[in-house]
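Coordinates in review
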Amino acid sequence: MTRDELKEKIKAAARQVYGKPNRAVADYGETTSDELTKFPELKDILIKLMTEDFKVFVESIDWVAPKPTTFRINLKNGQTFYCIYTIKSWIAQIEGKKYYLLNINELQNATNAISRILRYGGKTEEPVEGGTPAEIPATEPAAETDTTA
């Protein structure tokens, strides 16, 4: 292999690598915010917590504090949890409880907690039979009669 052939192979490889779209922008840019492109470690931790399909459940991601770097993960069912970056690891704060994701058992507990809050259900406003809840008149419970006398 000559020097010129090597140069051509390197140029072709560079075109191939730099010509590919950024996966974070292409796959997750529409569903979530641009925090995933600014902080790729956040995407990795969400994949650990919720699998590759996390974008189905995540409505948006808010960067809420610079130090310690804290993100609010807004789920599509109206629930939220926080991911906090520390020097050693990530901390997931779910329903007020902190899970240190460096430990495998706490990672599993955090995954279970996220599963639990996803089961709470979504924000649905289904029509009630007979109208909206405000239009349905409240009925008084029937008076109980004392039959012991």
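Look above for the structure.
Please read all numbers here as calculations on a predicted model, not as lab measurements.

Thoughts on the packing of aromatic side chains
Overall, the coordinates contain five aromatic pairs when judged by the stated rule. Judged by centre distance (6.2 Å) and plane angle (35 degrees), the rings of Phe71 and Trp90 are tilted. Remark: Trp90 occurs in strand β4 (residues 90-94) and Phe71 occurs in strand β2 (residues 70-75); sequence separation between them is 19 residues. We note that Phe71, like Trp90, is buried. Here the aromatic rings of Tyr85 and Trp90 are separated by 5.3 Å at their centres, their planes lie at 65 degrees, and the arrangement is edge-to-face. Looking at Trp90, the relative accessible area reads 9%, which means it is buried. Through successive ring pairs, a cluster of aromatic residues spans Phe39, Trp63, Phe71, Tyr85 and Trp90.

Quick notes on the pattern of salt bridges
Counted by the stated rule, this structure contains two salt bridges. Of the charged contacts, one joins Arg72 and Asp62 as a salt bridge, the two residues approaching to 2.9 Å between their closest N and O atoms. On the criterion of sequence distance, the pair formed by Arg72 in strand β2 and Asp62 in strand β1 (residues 58-65) is long-range, its members being 10 residues apart. Arg72 sits in the partly exposed class, given a relative accessible area of 26%. Judged by its relative accessible area of 26%, Asp62 falls in the partly exposed class. One salt bridge in this structure joins Glu95 and Arg116, with 3.5 Å as the shortest N-O distance. Note that Glu95 is positioned in the loop between β4 and β5 (97-100) and Arg116 in helix α5 (residues 104-118), a separation of 21 residues in sequence. By relative accessible area, Arg116 is classed as partly exposed at 34%.

What to know about the nonpolar core
In this structure, Leu42, Leu49, Ile73, Phe81, Ile94 and Leu101 are the most contacted members of the largest nonpolar core, which totals 25 residues. Put simply, the parts of the chain that give this core at least two residues each are α4 (40-50), β1, β2, β3 (80-85), β4 and α5. Beyond its immediate stretch of four places on either side in the chain, Leu42 contacts Glu35, Leu36, Ile61, Phe71, Ile73, Cys83 and Trp90.

Conventions adopted
Residues numbered from 1 in each chain as written. Predicted model: local features only at pLDDT ≥ 70, side-chain atom pairs only at ≥ 80, totals over all residues. Heavy atoms only, no water. Phe/Tyr/Trp six-rings, centres within 6.5 Å; stacked < 30°, edge-to-face > 60°. Helix = DSSP H or I, 4+ residues; strand = E, 2+ residues; numbered from the N terminus. Buried < 20%, exposed > 50% of the residue type's maximum accessible area, 1.4 Å probe, protein only. Salt bridge = Lys/Arg side-chain N within 4 Å of Asp/Glu carboxyl O. Core = buried A, V, L, I, M, F, W, Y, C linked by side-chain atoms within 4.5 Å. Contact = heavy atoms within 4.5 Å.

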